[in-house]
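# Examining the three-dimensional arrangement
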Amino acid sequence: MSIDFDKQVERTAPARVPALEVRGLVKHYPGVKALDGVDLVVHQHEVLGLAGENGAGKSTLLKTLVGLVKPDHGEIYVRGERVRLRSIVEAADHGIGMVFQEQSLVPNLTAAENIVLGSEGPGVRRGIYRWDAMRRLAQEQLDKIASHIDPLARTDTLSFADRQMVEIAKVLRIEQRSQHPPVVILDEPTSVLESKEIETLFTQVRRLREFASVVFVSHRLDEILDVCDRVAVLRNGESVGEVQVAGTVPADLHRMMIGSTGSDDHYHDNVVERSDEAPAPRLTVRRLSGRTFRDVDLDVHAGEIVAVVGVHGSGREDLCRALFGAEPTTAGEVTLDGKPLDLSGTRAACAAGVGYVPAERKVEGMVGPMSVADNMTLTKQKARCSGPLVSPRKQASLVDRWIDRLSIRTPNRGTAIQRLSGGNQQKVVLARWLVGGDIRLLLLDHPTRGLDIGARSEVYRLMRELSNNGVATVLLADSLEEAIGLADRIVVMSDGRVATEVACPAGAKPTPLDLVKEMV
Amino acid sequence: MSTPVTVKPMAEPVVVGRGPSLADRLTSFMPVIALLALLTALTIADPDFLTRRSLTAAAFTAAPLIVLAAGATLVVLCGGIDLSIAAMASLSTVFLALWLPDLGAFATPAVIGVAALFGAVQGAAHVLLRIPSFIVTLGGMSIFSAVALVVSDAGTVPVVDDSAISWLNLYVATYIPMSVAVAVIVVVAISLVIKATPLQSWVRATGYSESAARLAGIPVDLVKIGAFCVSGACAGLAAVMLVSRNFSGNPSMADNLLLPAVAAIVVGGTAITGGHGSLWRSLTGALVVTLLRVGLPIVGVPSAWEQILYGAIIVAAVALTLDRSKVLIIK
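Since the structure is predicted, the reported quantities are computational estimates derived from the model, not experimental observations.

## Observations regarding the overall build of chain B
The secondary structure content of chain B amounts to twelve helices and four strands. Relative to its full complement of 331 residues, chain B shows a buried share of 51%. For chain B, the accessible surface area stands at approximately 14,700 Å², while carbon and sulfur atoms represent 72% of it.

Okay, here's the thing in structure tokens:
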């Protein structure tokens, strides 16, 4: 990675008063201790990383810092002065702003409007927009981060990465409010960016350090170590320590996060040798075209994991959905075990033994208020029915068997799935395709998104087990490393077409760099 | 396929979210509490209220409302709304009155069948043309009203020989009006069928999260069309009950039942956002609404105020039952 700005670890005049400090922060929710005595110091002109598994309390802590959550106990100091933050506006008055994980821009307004939205200042006079002044204000903000985005471009025409830049520019408006160097919180800013965009973001974060403090949250430990000066680690709502990034490796952080050493065999490489006699592929895709992909050819054999990688807009998500009948196709032929696969709807795909795990688990993957049992048997109704009627006994034994088999941590099968942790939710979603016993092809769209390391590892192991049992898998991985670690073969997509295919056997894995050059 | 998957459990809290709170539990019993409170209040206001005569009168009023609300509840459970039920019922009273002389006993199934068909057509329009159900059924409401006016020549169609439908005015076990018994049987039958088959999962999943339901391979479109079809059939049955009481059909006979029916659904605690609720709740809701209707004159409130009350209780009940986690932006 090219670095324009040296990591300025030793600063000339270390600011004595921290930009932001919290002491003994406690927040209880019914039945859960989200924060249990968190201490945190953010120095001026520092990029502080915040690491922790899901449920460690990161989100609650961040929300406390911008006034969205009121802590039960504990104090917050801004530049040495104790403050009470009751709303996001009060936080902004003290110079604290956050770029949210889900983007919060209005798509049909211009970048300039979005940047000044809510704090128009001279951009509005007597209730009327003054476009010139507004564009100037927005330009000032964009200049701060040396961005070349046109302030008059409509937000929905910008790329995801550009929109994130607009958000950062918007957050920096708090400088005007507090007259102090701001504290900018970035909540998992890289989770939906592709690697090239991530580099741009990092350049930006290093630039921010020149005039602001940054709190940077990410699930990817290598990123944290790359861009931060110091890392604070949370575990079960408590601060468990902090480290300088110099000399720290991801495994060290991982150990702090989970309280023990991480497993080396992270992706659970196959130990089972597969015969290479190459029978006919289970899935064949020939010249398949849809809205965002064209002339795609793809073969997947039984027991094979094929990862499809590509940048945002490569069309791989739509391809995946199209194979499940959830996205229209315009041309092409698809066969499953030699028989033509009906792509007209999801029901036909399910009946043919195709399963799909969507990226948006909470919205598309599961029905939150329904029970674990009902979610698990949602698709394969036959598995829980005797004739046309649901057999509660049959359902109970089936579901309990799978809860046991996948070690799903739930009080019982009747618990609403939305009350489980992300990893356990995902296991229920996966189990939905397994309970019928007829799964032949699994389409996994970011199956580990938002899961912590422990849960990821379990999902990886499950995928391995399934492929060892002959299930063909198409994987859209969360990161290139994940794709490389799990896949037997990697298909690189670019602009809706298959750019190339890379073999990816255990022991002879390609590097991320090999793939990146094909992706763009 | 047997998959011997062994995954070691990890250390984390078993349950992260919060279960139903005391307030939630209380809200779910609210319809029953309201029903009992109303009964008590009315008995205190007028000790004669608990006589057979006034209770029977109330029951006869309740029957068509229960049936209307029960049918429309299915649509609401799927996440839609059916505003055409009252107009459909009015149209059905006209059809029934016109067909009784020729078809006799077959007029009843014919009317219910036609209403079911119209319901299904609305459902199909909603699903295939991808129009919000609220718009489709608002249009349907207008169309059905107009058709009723046209076929009835804008007037009441008297029923001279009501022998084919007069059985609804009999009593079961000397006390319970037949029409109420039929209404309860309809609720029980539909509830049982849903409960005992995959329909329960399908309807709830469709209502809670249509995209998740679709991606789980649930026949979402058919489920929704089916719900509208049943809603239409129930409107047809309600019309039969109305005609049996009024000895005539009229193009606006059931029109004033729309608001009470919607009120019954939401007062019962079925979430207007879909997924959560049941036909039983609507039955309770319909009884609450009926008691209000017959009770207001007893406590001396002029009947002109009735509509204010419906408006107010719909808003209040939705405020209590709305799943705000699902509707991020209220439009």
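## Some remarks on the overall build of chain A
Each helix and strand counted, chain A has 18 helices and 24 strands in total. For 520 residues, the compact-globule formula gives about 24 Å, and the C-alpha radius of gyration of chain A, at 25 Å, lands near that figure. A buried classification covers 55% of the 520 residues belonging to chain A. Across chain A, the fraction of contacts at a sequence separation of at least 24, relative to all contacts at a separation of at least 6, is 67%. Here chain A displays about 21,800 Å² of accessible surface, and carbon together with sulfur accounts for 49% of that area. Taken together, the 65 basic and 71 acidic charged side chains of chain A have centroids lying 6 Å from each other.

## Points about a nonpolar patch on the surface
Judged by side-chain polarity, Leu98(B), Ile143(B), Val147(B), Val150(B) and Val151(B) come together as a nonpolar surface patch covering roughly 390 Å² of accessible area. For the nonpolar patch, the element with the highest residue contribution is helix H5 (residues 133-151) of chain B, accounting for four residues.

## Some remarks on the packing of aromatic side chains
Residues and elements named next belong to chain A. Under the counting rule described, the total for this entry stands at seven aromatic pairs over all chains. Ring centres 5.9 Å apart and planes at 70° place the aromatic pair Phe202 and Phe216 in the edge-to-face group. In this pair, Phe202 is assigned in helix H7 (residues 195-208) and Phe216 in strand E10 (residues 213-217), connecting sequence segments 14 residues apart. Using a relative accessible area of 1% as the deciding quantity, one classes Phe202 as buried. A relative accessible area of 0% means that Phe216 is categorised as buried.

## Here we look at the pairing of strand E6 (residues 96-99) of chain A
All names here are of chain A. The alternating pattern of E6 places Ile96 and Met98 and Gly97 and Val99 on opposite faces, both of which are buried. In this sheet, strand E9 (residues 183-187) lies alongside E6 in parallel orientation, the contact comprising four bridges. Within E9, the residue paired with Ile96 across the bridge is Val183.

## Section: the state of the cysteines
Scanning the model with the defined rule gives zero disulfides over all chains in all. Cys234(B) takes part in no disulfide bond, and the closest cysteine sulfur to it belongs to Cys229(B), at a distance of 9.8 Å.

## Details of the domain arrangement of chain A
Residues and elements named next belong to chain A. Here the domain parsing of chain A yields domain 1 (20-258) and domain 2 (263-353 + 440-520). Between the C-alpha centres of domain 1 and domain 2 there is a distance of 34 Å. Between domain 1 and domain 2, the residue contacts involve twelve residues of the former and 14 residues of the latter. Taken over both partners, the interface formed by domain 1 and domain 2 buries close to 1,000 Å², and the fraction arising from carbon and sulfur atoms is 51%. In this assembly, domain 1 and domain 2 are joined by zero salt bridges. For the pair domain 1 and domain 2, the interface holds zero residue pairs in polar contact (both at pLDDT 80 or more). Elements that contribute at least two residues to the side of domain 1 that touches domain 2 include exactly H7 and helix H9 (250-258). Classifying every residue of the side of domain 1 that touches domain 2 gives four nonpolar, four polar and four charged.

## Brief notes about the environment of Leu40(A)
All names here are of chain A. Along the chain, the position of Leu40 falls in strand E2 (residues 32-42). Residue Leu40 is classed as buried on the basis of its relative accessible area, which comes to 4%. Residue contacts for Leu40: discarding those within four places in its chain leaves Leu20, Glu21, Val22, Leu48, Leu50, Leu61 and Ala232.

## Observations regarding the nonpolar core
Leu68(B), Leu96(B), Ile218(B) and Met241(B) are the most contacted members of the largest nonpolar core, which totals 94 residues. Ranked by residues supplied to this core, first place goes to helix H2 (residues 52-77) of chain B with 14 residues. When neighbours within four sequence positions are excluded, Leu96(B) is seen to be in contact with Ala107(B), Thr108(B), Val111(B), Ile165(B), Ala239(B), Val240(B) and Val243(B). Grouped together as the second largest cluster of nonpolar side chains are 78 residues, Leu406(A), Met463(A), Cys504(A) and Met519(A) included.

## Considerations on the pattern of salt bridges
A side chain with one charge can pair with a side chain of the opposite charge if their charged atoms come near. All names here are of chain A. Enumeration over the complete set of coordinates arrives at 27 salt bridges over all chains. Between Glu21 and Arg23 there is a salt bridge whose closest N-O contact spans 3.1 Å. We classify Glu21 as buried; its relative accessible area is 17%. Ionic pairing is found between Arg154 and Asp156, a salt bridge with its closest N-O pair at 2.7 Å. In this structure Arg154 comes out as partly exposed when scored by relative accessible area, which is 40%.

## Looking at H2(B)
Residues and elements named next belong to chain B. Given a rise of 1.5 Å per residue, 26 residues ought to cover 38 Å, and the 35 Å separating the end C-alpha atoms of H2 matches this to within 8%. At Ala62, H2 shows its maximal kink, close to 30°; a proline, Pro64, follows between one and four residues later. Where burial is concerned, most of H2 is hidden: 20 out of the 26 residues are buried. Positive backbone phi, at 95°, marks Gly79, one or two positions downstream of H2.

## A word on the environment of Ala316(B)
Looking at where Ala316(B) falls in the secondary structure, it is placed in helix H12 (residues 306-321). A C-alpha to C-alpha distance of 9.1 Å links Ala316(B) and Val266(B), two positions 50 residues apart in sequence.

## A look at the sheet that holds strand E14 (residues 296-300) of chain A
All names here are of chain A. Taken in spatial order, the four strands of this open sheet run E14-E13-E16-E17, and their pairing is antiparallel. Two strands bound the open sheet, and with one partner strand each, they are E14 and strand E17 (339-340). Sheet topology note: the strand E13 (residues 283-290)/strand E16 (residues 329-336) ladder contains six bridges and is antiparallel. Paired with Gly290 across the bridge in E16 is Thr329. In the packing of helix H10 (residues 316-323) onto the sheet, the strands contacted are E13, E14 and E16, and the crossing angle to E13 comes to about 120°.

## Here we look at the packing of helix H10 (residues 258-267) of chain B against helix H11 (residues 279-298) of chain B
Residues and elements named next belong to chain B. At a minimum axis distance of 7 Å, the contact between H10 and H11 shows a crossing angle of 125°. One finds that H10 runs oblique with respect to H11. The two elements H10 and H11 cross, and the hand of that crossing is right-handed. Between H10, through Pro260, Ala263, Ala264, Ile265 and Val267, and H11, the contact on the second element is made entirely by Arg281, Ser282, Gly285, Ala286, Val288 and Val289. Class assignment of the residues belonging to the contact of H10 with H11 gives a composition of eight nonpolar, two polar and one charged.

## Topic: the environment of Lys509(A)
Residue and element names in this part refer to chain A. Along the chain, Lys509 falls in the loop between strand E24 (497-503) and helix H18 (512-519). Residues Lys509 and Leu486, 23 residues apart in the sequence, show an inter-C-alpha distance of 10.0 Å. Of the polar contacts made by the side chain of Lys509, one reaches the backbone oxygen of Ala487; its length is 3.0 Å.

## Things to note about H12(B)
Residues and elements named next belong to chain B. Here H12 contains 16 residues, and its C-alpha end-to-end distance of 22 Å stays within 8% of the 22 Å for a straight helix at 1.5 Å per residue. Of all the positions in H12, only Glu306, Tyr310, Ile313, Ile314, Ala317, Val318 and Thr321 are classed as buried. Considered in projection along H12, the buried side chains sweep an arc of 125° and stay on one side of the axis. Structural note: H12 exposes Ile308 and Val315 on the side pointing more than 90 degrees away from its buried face. Elements that come into contact with the buried residues of H12 comprise H10 and H11.

The rules behind these values
- Residues numbered from 1 in each chain as written.
- Chains lettered and ligands numbered in written order.
- Predicted model: local features only at pLDDT ≥ 70, side-chain atom pairs only at ≥ 80, totals over all residues.
- Heavy atoms only, no water.
- Helix = DSSP H or I, 4+ residues; strand = E, 2+ residues; numbered from the N terminus.
- Buried < 20%, exposed > 50% of the residue type's maximum accessible area, 1.4 Å probe, protein only.
- Areas by Shrake-Rupley, 256 points an atom, 1.4 Å probe, with all protein chains shown as cover.
- Rg over C-alpha atoms; globule rule 2.2 N^0.38 Å.
- Contact = heavy atoms within 4.5 Å.
- Lys, Arg positive; Asp, Glu negative; His and termini not counted.
- Charge placed at Lys NZ, Arg CZ, Asp CG, Glu CD.
- Patch = residues over 30% accessible without salt bridge, like charges linked within 9 Å, V, L, I, M, F, W, Y side chains within 5 Å.
- Salt bridge = Lys/Arg side-chain N within 4 Å of Asp/Glu carboxyl O.
- Phe/Tyr/Trp six-rings, centres within 6.5 Å; stacked < 30°, edge-to-face > 60°.
- Pairing = 2+ DSSP bridges.
- Disulfide = S-S within 2.5 Å.
- Domains from an automatic or database assignment.
- Buried area = accessible area lost by both parts, 1.4 Å probe.
- Polar contact = N/O pair within 3.5 Å; in protein donor to acceptor, adjacent residues only side chain to side chain.
- Nonpolar A, V, L, I, M, F, W, Y, C, P; charged D, E, K, R; others polar.
- Core = buried A, V, L, I, M, F, W, Y, C linked by side-chain atoms within 4.5 Å.
- Expected span 1.5 Å × (residues − 1).
- Bend = angle between axes of the 7 residues up to and from the residue.
- Axes fitted to C-alpha atoms, helices over the stretch in contact; angles between N-to-C directions.
- Parallel < 35°, antiparallel > 145°, perpendicular 65-115°, else oblique.
- Left-handed = near helix turned anticlockwise from the far one by under 90°.
- Arc of directions from axis to C-beta.

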